[in-house]
Structures are given as structure tokens and as C-alpha cells.
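# Fold and geometry: a report
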Amino acid sequence: GFVGTLRDYQRDGLGWLHFLREFGFGGCLADDMGLGKTIQVLSLLQSLKGSRKKEGEAPLPSLVVVPRSLVFNWMQESAKFAPQLKVLDFAHKERGQQWDQLGDYDLIITTYGTLIRDIIKLKDVPFEYAILDEAQAIKNSQSQSAKACRLLTAKHRLAMSGTPIENHLGELWSLFEFLNPGMLGQSEAFRRFSTADVNSEDRTNLKTLSKAIAPFVLRRTKGQVLKELPEKTEQTIYCDLSPK
């Protein structure tokens, strides 16, 4: 049901997403911007819909939380690459009329701001996947966005971010507290663990942390997959403005 062809590294990413699903882990897809993180997640959701259809089961809807600017992109990409998925834009003012219809959709798209306003009701809705796009939005574990995301009820959790750590390792704790709650311990203990050796020659703690989270973070840079990327294309579009 997927329309298009995944590049080799994207197929590897799809396999990794299935690995997380099989073993019940949450994970962060941290590929560089422009390498098709959305495509890989859509291919996962489409494969899930296809397998459930064969088994005669109806999967729960999945929820993706995005910045406002990416709602249109998700709607457009899903229509292009996974047209069989029933997708609902749940970030508009009239969404109150659609609460009873959530189970009719495969993918529900909302924004971080809308999620904060809706979380009292949304936390009681069971989802197959809770997916955070531009997941650095929850880098502050005490923010309303981070707290709301942690309240979501889902069988599986995914994060997508080309910059999972922007400033300090505390942001990593917030991300993993959503993905695999409790895995990195209490925030204060983690802070002491992750910062104790930053300015010293003994980097044992950081190496241990890196090894511990490696199975749950998949990151490819443009340089690593350059051979698979198409030639750069440029398009000039002129926009004629009215006199006003």
C-alpha cells in the first residue's frame, strides 16, 4: 500500500522501527533533516495497517504531535506516500465535533499547543503509537508540552528529531522519560551521572550512557548516505503580487 520506493537507509530505518515494536521499546529516529524521517514512519504505519487487514483486526489510531507549521506537511506526505491511511487534522477550532470519530482514523495529527489544551480528554484515548515530530519541543522536562506528552496512553512511542540534544544532556532525559519511562532513572540522579565527568579526563560515565541508549536512537547524517541521495534540483518560482 506504500506508494514509492524507500532508499536503502530508509529500509534499514523501517527495520529498526519494527525492531522497537517487536520488543516493546520506544525510540528516537534522529536522522539529519531532509533524509525522510516522516516517510519512514508513514511506511511503518502503512505496513501495520496492511498486516492488521490480513489478520482481520482493526488497529487503534496513532497520534502524531507536530509544530503547527508541519501539520500541512504531514497531511501532504501521507496523501502522497500512504494514501490508504485515513488521516485526521485534529488541530483546528472545530475539532470538538470529532471526538467520537477518532477511532475511525489511522492517523490523527495535532500540535503541541493543541495537545496541552486537549490533554485532559486525550490522555484517556488509547493509541497504537504516540509520535512526536521535532521532539526537541519537550527538551524541558518541566514544560507543559513535556508533561502533556508523558500523559498520553499508547502501546508504542516514537520521537523524531534531527537535534535530540541541543544544549545539554538533561534534554536527553526528558526525551527518554517519554519514550521509555524510568529507563534513565530520576532526573537529579541522571544529571549528576551525566555531568560529573564532562570537564575531566575520565569519560567513563558518558561512554556508558552512550552505549546504554544506542539501541534506542537511530541517527544517519547526510554525509553517511550521500551516495543514496538524488542530485540537487533547483526550481525558481515567480509570484506576481497584486498592486495592493
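Remember, predicted model here, so these are calculated numbers, not experimental data.

## Comments concerning the pairing of strand 4 (residues 107-111)
- By the criterion of burial, strand 4 is predominantly enclosed, with 5 of the 5 residues buried.
- The two faces of strand 4 match: L107, I109 and T111 on one face and I108 and T110 on the other face are all buried.
- The pairing of strand 2 (residues 62-66) with strand 4 spans 5 bridges and is classified as parallel. Counterpart to L63 in the pairing with strand 4 is I108.

## Points about the layout of surface pockets
- Within this model, the largest pocket holds a volume of roughly 260 Å³.
- Lining of the largest pocket is provided by 16 residues; of these, M33, G34, K37, T38 and E134 occupy positions nearest its centre.
- Secondary structure elements with two or more residues in the lining of the largest pocket: helix 2 (37-55) and helix 3 (71-81).
- Taken together, the residues that form the lining of the largest pocket break down as 6 nonpolar, 6 polar and 4 charged.

## Examining the environment of F25
- Structurally, the position occupied by F25 is in the loop between helix 1 (8-23) and strand 1 (27-29).
- The partly exposed category is assigned to F25, whose relative accessible area is 32%.
- When the C-alpha positions of F25 and P215 are compared, they lie 9.4 Å apart, and in sequence the two are 190 residues distant.
- If we ignore the near neighbours within four places in the chain, the residues touching F25 are F19, L20, R157, N180 and F216.

## Notes on the nonpolar core
- Among the nonpolar cores identified, the biggest contains 36 residues, and W74, L107, I109 and I131 are the most heavily contacted of them.
- Ignoring anything within four residues of it in the chain, the contact list for W74 reads T38, V41, L42, V64, V66, L107, I109, D133 and M160.
- If you look at the next biggest cluster of nonpolar residues, it comprises 28 residues, including Y112, F127, A135 and F178.

## Things to note about the pattern of salt bridges
- One pass over the full model with this rule turns up 9 salt bridges.
- Between D8 and R11 there is a salt bridge, and its shortest N-O distance comes to 2.3 Å. Of this pair, D8 and R11 both sit in helix 1, 3 residues apart, which is roughly one turn of the helix.
- Judged by its relative accessible area of 43%, D8 is partly exposed.
- In this structure, the salt-bridge partner of D32 is R219, at a minimum N-O distance of 2.9 Å. Of the two residues, D32 is situated in the loop between strand 1 and helix 2 and R219 in the segment after strand 7 (217-218); the sequence distance between them amounts to 187 residues.
- According to the relative accessible area criterion, R219 is partly exposed, its value standing at 39%.
- It is possible to trace a salt-bridge network through shared partners that takes in R21, E128 and K155.

## Considerations on helix 6 (residues 170-179)
- Of all 10 residues in helix 6, 9 are buried, a share of seventy percent or more.
- Those residues of helix 6 not exposed but buried are E171, L172, W173, S174, L175, F176, E177, F178 and L179.

## A word on the environment of R220
- Along the chain, R220 turns up in the segment after strand 7.
- Residue classification places R220 among the buried residues on the basis of a relative accessible area of 9%.
- Once the C-alpha coordinates of R220 and P61 are considered, the two residues, 159 residues apart in sequence, prove to be 29 Å apart.
- In this structure the side chain of R220 is engaged in a polar contact, spanning 3.1 Å, whose partner is the side chain of Q40.

## Focus: empty space enclosed by the protein
- Counting across every chain of the model gives 2 cavities of 30 Å³ or more.
- Space inside the largest cavity adds up to approximately 60 Å³.
- Around the largest cavity, the lining residues are L45, L48, K49, P59, L60, S62, L85, D106 and E128.
- The element best represented in the lining of the largest cavity is helix 2, accounting for 3 residues.
- For the lining of the largest cavity, the per-class residue count stands at 5 nonpolar, 1 polar and 3 charged.
- Of the pockets and cavities examined, the second largest cavity occupies roughly 40 Å³.
- Contributing to the lining of the second largest cavity are A135, Q136, I138, K139, P164, E171, S174 and L175.
- Considered class by class, the residues forming the lining of the second largest cavity number 4 nonpolar, 2 polar and 2 charged.

How each quantity is defined
- Residues numbered from 1 in each chain as written.
- Predicted model: local features only at pLDDT ≥ 70, side-chain atom pairs only at ≥ 80, totals over all residues.
- Heavy atoms only, no water.
- Buried < 20%, exposed > 50% of the residue type's maximum accessible area, 1.4 Å probe, protein only.
- Helix = DSSP H or I, 4+ residues; strand = E, 2+ residues; numbered from the N terminus.
- Pairing = 2+ DSSP bridges.
- 1 Å grid on protein atoms, 1.4 Å probe; cavity = no way out; pocket = protein on both sides within 12 Å on 5 of 7 lines; lining within 4 Å.
- Points joined across faces, edges and corners; volume = space filled by probe spheres on them.
- Nonpolar A, V, L, I, M, F, W, Y, C, P; charged D, E, K, R; others polar.
- Contact = heavy atoms within 4.5 Å.
- Core = buried A, V, L, I, M, F, W, Y, C linked by side-chain atoms within 4.5 Å.
- Salt bridge = Lys/Arg side-chain N within 4 Å of Asp/Glu carboxyl O.
- Polar contact = N/O pair within 3.5 Å; in protein donor to acceptor, adjacent residues only side chain to side chain.

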